[in-house]
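Coordinate analysis (summary)
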Amino acid sequence: MGIILPRDDNREPIQGLYGGVALEETYDATISGSTEITLNASTTFIQVTANAKPVFMKWGTSDCSSTDFDHCIAADTTRQFKVPLDTSTNALYTAVNFIEQAATATLAVVEF
């Protein structure tokens, strides 16, 4: 299991996200269809863990699928993401969608 750190606007790795108190946590073992998480209004980073199978992720309110996604989180891996700017609203994205690559995947998302 590896952790891939997000990068700031200057492309420098961002570390130390684990020290804060989570704003929200989500655990879901039923992501066979696109599953949307509405982010806390104060969320600027998310930590995503895919257990057992890979999980696809898509920023925004549009459904996620194996043919339309922004990121693929490998099985048994944790990744951290800076919430990006939605250029259509000029604000940070307020939602993210997930779907499993294969049956039995589980998802954990922690918002900071």
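What comes next concerns the included structure.

Calculation criteria
Residues numbered from 1 in each chain as written. Predicted model: local features only at pLDDT ≥ 70, side-chain atom pairs only at ≥ 80, totals over all residues. Heavy atoms only, no water. Core = buried A, V, L, I, M, F, W, Y, C linked by side-chain atoms within 4.5 Å. Buried < 20%, exposed > 50% of the residue type's maximum accessible area, 1.4 Å probe, protein only. Helix = DSSP H or I, 4+ residues; strand = E, 2+ residues; numbered from the N terminus. Contact = heavy atoms within 4.5 Å. Pairing = 2+ DSSP bridges. Salt bridge = Lys/Arg side-chain N within 4 Å of Asp/Glu carboxyl O. Axes fitted to C-alpha atoms, helices over the stretch in contact; angles between N-to-C directions.

Here we look at the nonpolar core
- If you look at the biggest cluster of nonpolar residues, it comprises 17 residues, and the most contacted ones within it are Ile46, Val48, Met57, Trp59 and Phe98.
- Among the elements of the structure, strand E4 (45–51), strand E5 (55–59), strand E10 (95–100) and strand E11 (106–111) are those that each provide at least two residues to this core.
- Every residue in contact with Met57, bar those within four places of it in the chain, is listed here: Ile46, Val48, Cys64, Phe69, Asp70, His71, Ile73, Phe81, Val96, Asn97 and Phe98.

A look at the pairing of strand E7 (residues 77–82)
- Burial within E7 is extensive, with five of its six residues counted as buried.
- Pairing analysis gives six bridges linking E4 to E7, with the strands arranged antiparallel. When the sheet's bridge partners are listed, Gln47 is paired in E7 with Gln80.

A word on the pattern of salt bridges
- Evaluation of the coordinates by the stated rule reveals one salt bridge.
- Here Asp68 ties to Lys58 by a salt bridge, and the two come within 2.9 Å at their closest N and O atoms. With Asp68 in the loop between E5 and strand E6 (71–73) and Lys58 in strand E5, the pair connects residues that are ten residues apart, well separated along the chain.
- Exposure remark for Asp68: the relative accessible area of 35% places this residue in the partly exposed category.
- A residue is classified by how much of its surface remains accessible, and Lys58, at 12% relative accessible area, is buried.

Comments concerning the sheet that holds strand E3 (residues 35–38)
- Strand order across the open sheet formed by four strands is E3-E10-E5-E6, with antiparallel pairing between neighbours. Unpaired on one side and paired on the other, E3 and E6 mark the two borders of the sheet. Direction aside, the axes of adjacent strands within the sheet are offset by 25° on average.
- With three bridges joining them, E5 and E6 adopt antiparallel strand pairing.

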